[in-house]
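# Examining the three-dimensional arrangement
Here is what each chain is made of, one letter per residue.
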Amino acid sequence: MSSQTEKFWTGKKVLITGASSGLGAALVQALVPYKVHFCLLSRRAERMEELIRNHANGPSQFWIRSCDVRIREQVESAVGDFASAVGVPDVAWVNSGVVGDTSFAHWDWNVVENILDTNLKGALYTAYACLKFMVLQNHGAIVAISSAAAMRGLGGRSIYSLTKIGLAYFMESMAVELPQIQFTTIFPGFVDTPANRNNPNRFWLLTPENAAQKMIRAVAKGKPIYIYPLPMKLLFHAIRALPAPLYRALSRRTMRITRPGR
């Protein structure tokens, strides 16, 4: 572990949504050695309890709450109760997210609204609930998991792309308004998590453990934007630079790759 990473994370109070599996659980594993006091939020309390048991002998402490980020009152209650019991989170990791096929041919309003409510509204509920406390103490960091899918509007993933682009713009706007708070937006490529294992077209695939280590180092360095792995970063910027007509023509040919598996 680098001295910069150790210095930043040691003793921090860290809130993580979607903590019971995938990237959330990997982040817990990556941060346990730093004597963190976790606030873990997820709908699946039993999975969080299992996570705690796996790290019972470690140096970190845990506070958990069954919480559905789609319900604002639950998010506000959880953040407020943690702040009262332990203290204001130093870092809030906005991690909860779901995926789904939202192509016109397979449009399902239940899928659409669940993605909007979880990925965008749930992220805003979490960030704002934490910011209300952080701004009062003039200190804190919000880390949001966007996606490489935010590079452009992706065929078959219109709503997922919308939520991740919208989250990135929210973070940028807040960074302008609140310079005393650190805002880090992370754009992961494909990480081997349950959310995308039905997608046969994953490439440059990373393990959750590797991804978590990359992310905690980026946050410790105070990076406002972090895209990984490096090939995905290069592709991200190349795709964003394409003129709209060329992008649309190329995207129509590759839409089968970007659409999640069914």
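Residues numbered from 1 in each chain as written. Predicted model: local features only at pLDDT ≥ 70, side-chain atom pairs only at ≥ 80, totals over all residues. Heavy atoms only, no water.

### Some words on the sheet that holds strand 4 (residues 91-94)
Rules: A strand pair is defined by DSSP finding two or more bridges across the two strands. Secondary structure is summarised from DSSP: a helix means a run of H or I of at least four residues, a strand means a run of E of at least two, and numbering begins at the N terminus for each. Working convention: axes come from line fits to C-alpha atoms, limited for helices to the stretch in contact. Angles between N-to-C directions cover 0 to 180 degrees. In this analysis, two residues are considered to be in contact whenever any of their non-hydrogen atoms come within 4.5 Å of each other.
With respect to topology, seven strands assemble into an open sheet ordered 3-2-1-4-5-6-7, the strand pairing being parallel. Edge positions in the open sheet fall to strand 3 (61-66) and strand 7 (225-228), since each of these has one partner strand only. Mean inter-strand twist for the sheet, computed between neighbouring axes without regard to direction, equals 15°. In this structure, strand 1 (residues 13-17) lies alongside strand 2 (residues 37-42), joined through five bridges in parallel fashion. Across the sheet, Leu-15 pairs through a bridge with Cys-39, a residue of strand 2. Along the sheet face, helix 3 (residues 45-54) touches strand 2 and strand 3 and points at about 170° away from the line of strand 3. On top of the sheet, helix 8 (residues 230-241) reaches strand 6 (182-188) and strand 7; it is set at about 110° to strand 7, its chief contact.

### As for the side chain of His-55
Which entries qualify depends on this criterion: Working definition: with a 1.4 Å probe on protein chains only, accessible area under 20% of the residue-type maximum means buried, over 50% means exposed, and in between means partly exposed.
Relative to the helices and strands, His-55 is located in the loop between helix 3 and strand 3. Looking at His-55, the relative accessible area reads 16%, which means it is buried. Among residues more than four places away in sequence, those in contact with His-55 are Val-28, Gln-29, Val-32 and Phe-62.

### Thoughts on helix 4 (residues 72-85)
Going by this rule: A helix is expected to span 1.5 Å for every residue after the first.
Compared with an ideal rise of 1.5 Å per residue, which puts 14 residues at 20 Å, helix 4 spans 20 Å between its outermost C-alpha atoms and is within 8% of the ideal. Residues of helix 4 that are buried include every one of Val-75, Ala-78, Val-79, Gly-80, Phe-82 and Ala-83, and no others. Structurally, helix 4 contributes buried residues whose contacts are with strand 1, strand 2, strand 3 and helix 5 (109-137). Gly-87 sits one or two residues past helix 4 and shows a positive phi near 140°.

This is a description of form; function is not addressed.
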